[in-house]
Amino acid sequence: MIPLKFEVNGHAVATEVAPSTLLIDLLRGPLALTGTHAGCDTAQCGACTVLVNGASVKSCSLLALQAQGAKVTTVEGLAQGDALHPLQQAFMDCHGLQCGFCTPGMLMSSACLLATNPRPSEAEIQHALEGNLCRCTGYVKIVAAVQQASVAMAGAHA
Amino acid sequence: MNAPMEAQRFGSGQSVRRIEDPALVTGQGRYTDDETLPGQTHLVFLRSPYAHADITGIDVTDALAMPGVVAIYTGADLAAAGVRPMAGVPFPRPDGQPGATALRRALADGRVRFVGEAVAVVVADSIDQARAAADAVVVDYNQLPAVVNAFDAMAPGAPALCDAAPDNISAGMSHGDAAATAAAFAAAAYTVSVDVDNQRLAPSPIEPRAVSARVPASGPDAGRLVVRLSSQMPTAVRGGLVDAIPGLTPEAVRVLVGDVGGGFGMKTGIYPEDIAIGFAAWTLKRPVKWRADRVDEFLGAVHGRDVVSRAELALDADGRVLALRVKGYANVGAYGTATGIAIQVLIGPWVSTSVYDIPLVDEQFIAVLTNTTPTGAYRGAGRPEAIYLTERLMDAAARKLRMDPAELRRRNMIGPEQMPYKNAMGQVYDSGAFAQILDQGLALADWTGFAARRAASEAAGKLRGRGIATFLEWTGGNALTETVTVNVTADGYIELGSATQAMGQGIATSYAQLAVDVFGVPIDRIRVLQGDTDRANGFGSAGSRSLFTGGSAVSVASKKTVEDAKTLAAEALEAPAADIEYLAGRFNVAGTDLGIGLFELAARQVGGRITATDGATAGGPTWPNGCHVCEVEIDPATGEVAVVAYASVNDIGRVVSPTIVEGQIEGGAVQGIGQALCERVAYDRETGQLQSASFMDYALPHADGFLGFKTAFDTSIPCKTNTLGVKGVGELGTIGATPAVVNAVIDALDHAGLGAAAEAIQMPVTAERVWRALHLKQFDPSPYQA
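Note that the structure is a prediction, hence the values are computed from the model and not measured. (Residues numbered from 1 in each chain as written. Chains lettered and ligands numbered in written order. Predicted model: local features only at pLDDT ≥ 70, side-chain atom pairs only at ≥ 80, totals over all residues. Heavy atoms only, no water.)

Our focus in this paragraph is the overall build of chain B. On a plain count of helices and strands, chain B comes out with 21 helices and 28 strands. In terms of C-alpha radius of gyration, chain B reaches 27 Å, essentially the compact-globule figure of 28 Å for 786 residues. The principal-axis extent of the C-alpha atoms belonging to chain B is close to 85 × 75 × 50 Å. By residue count, 63% of the 786 residues in chain B fall in the buried class. For chain B, restricting intrachain contacts to residue pairs at least 6 apart in sequence, the fraction spanning at least 24 positions comes to 80%. As displayed, chain B has an accessible area near 26000 Å², and 52% of this comes from carbon and sulfur atoms. One way to put it: in chain B the 64 positive side-chain charges average out to a point 1 Å from where the 86 negative ones average out. (Helix = DSSP H or I, 4+ residues; strand = E, 2+ residues; numbered from the N terminus. Rg over C-alpha atoms; globule rule 2.2 N^0.38 Å. Buried < 20%, exposed > 50% of the residue type's maximum accessible area, 1.4 Å probe, protein only. Contact = heavy atoms within 4.5 Å. Areas by Shrake-Rupley, 256 points an atom, 1.4 Å probe, with all protein chains shown as cover. Lys, Arg positive; Asp, Glu negative; His and termini not counted. Charge placed at Lys NZ, Arg CZ, Asp CG, Glu CD.)

Structure, rendered in structure tokens:
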């Protein structure tokens, strides 16, 4: 077991993990952050996407130890207190989710996109979400939700 | 008994935010794998690496001695413990003999019949220990020849899947009038024929199956088997466990379902895995949990479709269809099941004449056993296969008659004055105005403006094609009764208890809207309780049945609750019951200012609640229908197909939740586009190995490439066989999209100079197939070999 110190959703975490432990298993198991989902085990579906130092990362493909010293954000850390993130609000407003299983990954990939490209085009959103599979929505309303969130966030910053 | 304010805001017909969503967007959903049971053990399945083999020995000695291992069970262990095999085939073979299948067991005993069939389970303290021990189980196999294709399986000398059927024919069914159909074909001015492979698909909800099972030592469930899993049909799972595991009664089993990460039919009924896990927990009296890896799902979850057909249409000189003839061979996998076979030999044929007035049919379907994963329900389940044939034939006929494909369809449509209409399969449509839907679909798609768009595409170096599908489907699974229990609680909630099952479709929100219609309270006062066989039992959610059966029950049970509560209010207010009026959460004595709140009234009752139960039975299935028009662009350099416009007008009767049904149509359509363009389960013909066992090899639609969706509804044609007037919506998009897209591709290839030869292209219409057709005039040989 190897000591691991990092930050999850703003909270300092100090723990020990086996060298082979994946980040997703640490999050879902000992840290009980079950909003991050395992859907495919081969880094195709993106349901496990989290932010590591602001970048969207598939947590099924990262060793927990690779997060040493990093700031990790999961879907549970997206809202600011009781205030939902504009993406969470937009997904609800636009019916951007059905079963909700892919949704945490969609939100985290979208959050990464909007942090780097605040006003993406439809095509840019589609491209950014290529690594996230959804079987329910056909993506149409997910793309619309990300667009709405980008407008809302631009308004908030104006 | 109405409540204008709240009903106007949250009642049926209004677009509301889903009540499911706040938890799901914040990571607070509770899917089965999110729950950790105290003292839980982990189970993994050891699966056959061979498509067909005899198990000559299993040695678990070393594995059992490994750290953390709690137990290992093989098929022989389960058989010795009296675990019974699963149900067989209720349909006869074409020769009149009983339907044939090898008996399927939770774990294979003696012989494996497909790659991935489970042969043993390992239970250990940790998942890693279980996996390591599974690797240490030594299974000796004597490999047998395998067959993965229906025609190969029927060929003389093919390896037989079961002793009762040396020809591998599990079951078959014939419908219609073969002689009269033959005569119509002989006399027809025109005939057209298509050979079609409705390829095998993997349903692929993003949440893999997960099951936990425990036998609590104390508490209210002490001594019972409590199973929690991701399922559309909790009651069927309970029944399947009781049927298989000795010593269990329905009362001794509780099945719970939490959030379900997509179903699409794949999570219906009992799986062998459920039985093995239930057996392990029941035997060990310890909590056992399993989460499927994605490869478990590709190997072990049911596949959908997989039927190869020759379909023919006879028409008179004016383009009136005289008869439809279909012969289909369905590859149902290694074990025949009632569901897998009914889908192909019965449910598909029921809708095969679709929205058209076709007087004669001759349909013959054969279900064939092969060394592949068994097939079962997948969104549409038989209707996509049948409608695909009919809509391909309509386009082929239009091409041959040099007629507008929309006009040919209109000429053959059943008129609203013909309702109720009995089709050639004996199915009765209660309502439908198909030409009206067609007109709106053509307008939404700007049908007549296509030439200009094609010219613009061509100017940009692309080919453009346009495809249409007008169609209907049958929903409800012939399970037409539902009961709902309403509890009004002292703490201010109205609980709706139902045996239907949420799986992402938003049914809780739709039910809540129907309850708001009656109670006139804010929607956040409504709670929908599902997924507990101790609370409610029934068919579950499948076949687009929930709203018209369960929703009708919500409505009548809510009304009964208000009526019952009026009596209680009369007592509380010391007034005659006839004088009590209900409005928006309050009972009043007419003409006075005397009154009492609904929840306050509940607080005064013994137990602090008002409870009423009532049910509804629909008078028949529903027949949703639509007109879907797709335009594609093809890049001639690569053969890549892009869907650039997709317009649909849908008749689903009265609409309760407009945004939700839009999502159902769009999401369903993209699944149908997946079949048309990219998805295919592939097996190696010689070895029977599954070649598409991950999302790297199985091409699910991704986010890019879906633009220009326009989705509309005509709500003026209510269903006449249920009190709400609603029709099922869950499968409509999937059924319409596949033929609309492929017809568009064929239209583009025809226009590029291939003519009717383009009709030979098969699904999935990959870039490679399109490129070969365009540049080499080369097509795959016909998949139909009978």
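This brings us to the overall build of chain A. Helix and strand counts for chain A stand at five helices and five strands. Seen in sequence order, chain A has helices and strands lined up from the N terminus as β-β-α-β-β-β-α-α-α-α. Taking 158 residues into account, the globule formula puts the C-alpha radius of gyration at 15 Å, and chain A, at 15 Å, falls close to it. Dimensions of chain A, computed from the C-alpha atoms along their principal axes, are close to 45 × 35 × 25 Å.

This brings us to the environment of Ile507(B). Residue and element names in this part refer to chain B. Here isoleucine 507 lies in helix α16 (residues 507-519). Residue isoleucine 507 is classed as buried on the basis of its relative accessible area of 4%. Along the chain, isoleucine 507 and alanine 377 lie 130 residues apart, while their C-alpha atoms are 20 Å from each other. Discounting residues that sit within four places of it in the chain, isoleucine 507 has contacts with Glu20, Gln501, Ala502, Gln530, Ser546 and Leu547.

Residue and element names in this part refer to chain B. The five strands lie next to each other as β7-β15-β14-β13-β8, forming an open sheet whose pairing is mixed. Every other strand in the sheet has two partners, leaving β7 (169-176) and β8 (190-198) as the edge strands with one partner each. Between one strand axis and the next, the sheet turns through 5° on average, direction left out of account. Pairing of β7 with strand β15 (residues 360-369), which is carried by seven bridges, proceeds in the antiparallel orientation. From the neighbouring strand, alanine 171 faces β15, where its bridge partner is alanine 367. (Pairing = 2+ DSSP bridges. Axes fitted to C-alpha atoms, helices over the stretch in contact; angles between N-to-C directions.)

The subject of this paragraph is the environment of Gly728(B). All names here are of chain B. Its place among the elements puts glycine 728 in the loop between β28 (709-713) and α20 (732-754). With relative accessibility at 6%, the residue glycine 728 sits in the buried group. Linking glycine 728 and leucine 547, residues 181 residues apart in sequence, is a C-alpha distance of 7.1 Å. When sequence neighbours within four positions are dropped, the list of residues in contact with glycine 728 reads Thr475, Ser544, Thr622, Pro624 and Ile652.

Now for the interface of chain A and chain B. Put simply, an interface is often sized by how much accessible area is lost when its parts join up. Taken residue by residue, the interface counts 41 residues in chain A and 52 residues in chain B. Of all residues in chain A, Met92(A), Gln126(A) and Arg135(A) bury the most surface against chain B, accounting for 20% of the area lost on that side. Across the contact surface, chain A and chain B share seven salt bridges. In this structure, Glu666(B) and Lys141(A) form a salt bridge, with 3.5 Å as the shortest nitrogen-oxygen distance. Summed over the shared surface of chain A and chain B, the number is 24 residue pairs in polar contact (both at pLDDT 80 or more). Looking at the side of chain A that touches chain B, the elements that each hand over two or more residues are α2 (86-93), α3 (103-116), α4 (122-128) and α5 (140-157) of chain A. Among the residues forming the side of chain A that touches chain B, the class breakdown is 18 nonpolar, 15 polar and eight charged. (Buried area = accessible area lost by both parts, 1.4 Å probe. Salt bridge = Lys/Arg side-chain N within 4 Å of Asp/Glu carboxyl O. Polar contact = N/O pair within 3.5 Å; in protein donor to acceptor, adjacent residues only side chain to side chain. Nonpolar A, V, L, I, M, F, W, Y, C, P; charged D, E, K, R; others polar.)

The end-to-end C-alpha distance of α3(A) is 20 Å, a good match for the 20 Å that 14 residues give at a rise of 1.5 Å each. Where α3(A) is concerned, the buried positions are Thr103(A), Pro104(A), Gly105(A), Met106(A), Leu107(A), Met108(A), Ser109(A), Ser110(A), Ala111(A), Cys112(A), Leu113(A) and Leu114(A). (Expected span 1.5 Å × (residues − 1).)

Note that Ser657(B) resides in the loop between β27 (641-651) and α19 (658-677). What Ser657(B) contacts, discounting residues up to four positions off in sequence, is Gln14(B), Ser510(B) and Gln513(B).

What the second largest pocket holds in volume is close to 1400 Å³. Lining the second largest pocket are 47 residues, with Asp25(A), Ile127(B), Asp128(B), Arg131(B) and Arg291(B) sitting closest to its centre. For the lining of the second largest pocket, the elements supplying multiple residues, two or more each, are β2 (11-17) and α1 (23-28) of chain A together with β1 (41-47), α5 (127-136), β12 (288-291) and α10 (294-300) of chain B. Looking at the lining of the second largest pocket residue by residue, the class counts come to 21 nonpolar, ten polar and 16 charged. (1 Å grid on protein atoms, 1.4 Å probe; cavity = no way out; pocket = protein on both sides within 12 Å on 5 of 7 lines; lining within 4 Å. Points joined across faces, edges and corners; volume = space filled by probe spheres on them.)

Another point: the nonpolar core. Judged by nonpolar contacts, the single largest core of 182 residues is most densely connected at Phe91(A), Ile634(B), Tyr646(B), Ile673(B), Val741(B), Leu749(B) and Val770(B). A total of twelve residues in this core trace back to one element, the largest contributor, which is α20(B). In this structure Tyr646(B) touches His628(B), Val629(B), Cys630(B), Ala669(B), Ile673(B), Gly708(B), Phe709(B), Lys710(B), Gly733(B), Gly736(B), Ala737(B) and Val741(B), once residues within four positions along its chain are discounted. (Core = buried A, V, L, I, M, F, W, Y, C linked by side-chain atoms within 4.5 Å.)

Take helix α17 (residues 546-573) of chain B next. The end-to-end C-alpha separation of α17(B) is 38 Å, in line with the 40 Å expected for 28 residues at 1.5 Å each. The first or second residue beyond α17(B) is Glu574(B), which carries a positive phi of 55°.

So, on to the packing of aromatic side chains. Residue and element names in this part refer to chain B. For the structure on display, the rule yields 15 aromatic pairs over all chains. Aromatic side chains tyrosine 646 and phenylalanine 709 sit 5.3 Å apart centroid to centroid with 25° between the ring planes, which places their arrangement in the stacked category. Here phenylalanine 709 lies in strand β28 and tyrosine 646 lies in strand β27, a separation of 63 residues in the sequence. Accessibility assignment for this pair places tyrosine 646 and phenylalanine 709 in one class, buried. Clustering of aromatic rings is evident, with ring pairs tying together Phe151, Tyr329 and Tyr784. Residue placement shows arginine 466 over the ring face of tryptophan 447; its charged tip is 3.5 Å from the ring centre. Above the face of the tyrosine 493 ring, arginine 525 is positioned so that its terminal group lies 4.5 Å from the ring centre. (Phe/Tyr/Trp six-rings, centres within 6.5 Å; stacked < 30°, edge-to-face > 60°. Lys NZ or Arg CZ within 6 Å of the ring centre and 35° of its normal.)

In this section: the state of the cysteines. All told, the structure shown has zero disulfides over all chains when counted by the stated rule. No disulfide involves Cys630(B); its sulfur sits 12 Å from the nearest other cysteine sulfur, which is in Cys627(B). (Disulfide = S-S within 2.5 Å.)

This part takes up the pattern of salt bridges. Overall, the coordinates contain 58 salt bridges over all chains when judged by the stated rule. Salt-bridge contacts for Asp564(B) lead to Lys560(B); the nearest nitrogen and oxygen are separated by 3.2 Å. In this pair, Asp564(B) and Lys560(B) both sit in helix α17, four residues apart, roughly one turn of the helix. A single salt-bridge network, built from bridges that share partners, covers Arg28(A), Asp41(A), Asp33(B), Asp34(B), Arg131(B), Lys289(B), Arg291(B) and Asp293(B).

Residues and elements named next belong to chain B. Scanning all chains against the criterion turns up nine cavities of 30 Å³ or more. Roughly 90 Å³ of volume is contained in the largest cavity. Among the secondary structure elements, those contributing two or more residues to the lining of the largest cavity are β13 (307-315), α11 (338-350), β15 and α12 (383-401). Of the residues assigned to the lining of the largest cavity, the class counts are seven nonpolar, seven polar and two charged. As a volume, the second largest cavity reaches approximately 70 Å³. What lines the second largest cavity is a set of 13 residues, among which Arg47, Arg104, Ala118, Pro272 and Glu273 lie closest to the centre. Counting residues per element, the ones that place at least two in the lining of the second largest cavity are β1, α9 (272-284) and α10. Of the residues that constitute the lining of the second largest cavity, the class distribution is six nonpolar, two polar and five charged.

Before going further, it helps to spend a moment on the pairing of strand β21 (residues 526-529) of chain B. Two faces belong to every sheet, and in a regular strand the side chains alternate between them. All names here are of chain B. Of the two faces of β21, the one lined by Ile526 and Val528 is fully buried and the one lined by Arg527 and Leu529 carries no buried residue. Taken together, the four bridges between strand β20 (residues 494-498) and β21 define a ladder with parallel strand orientation. Looking at the pairing, glycine 497 lines up with leucine 529 of β21. Between the parallel pair β20 and β21, the chain is carried across by α16, and the sense of this crossover is right-handed. (Right-handed = clockwise from strand over helix to strand, strands pointing away.)

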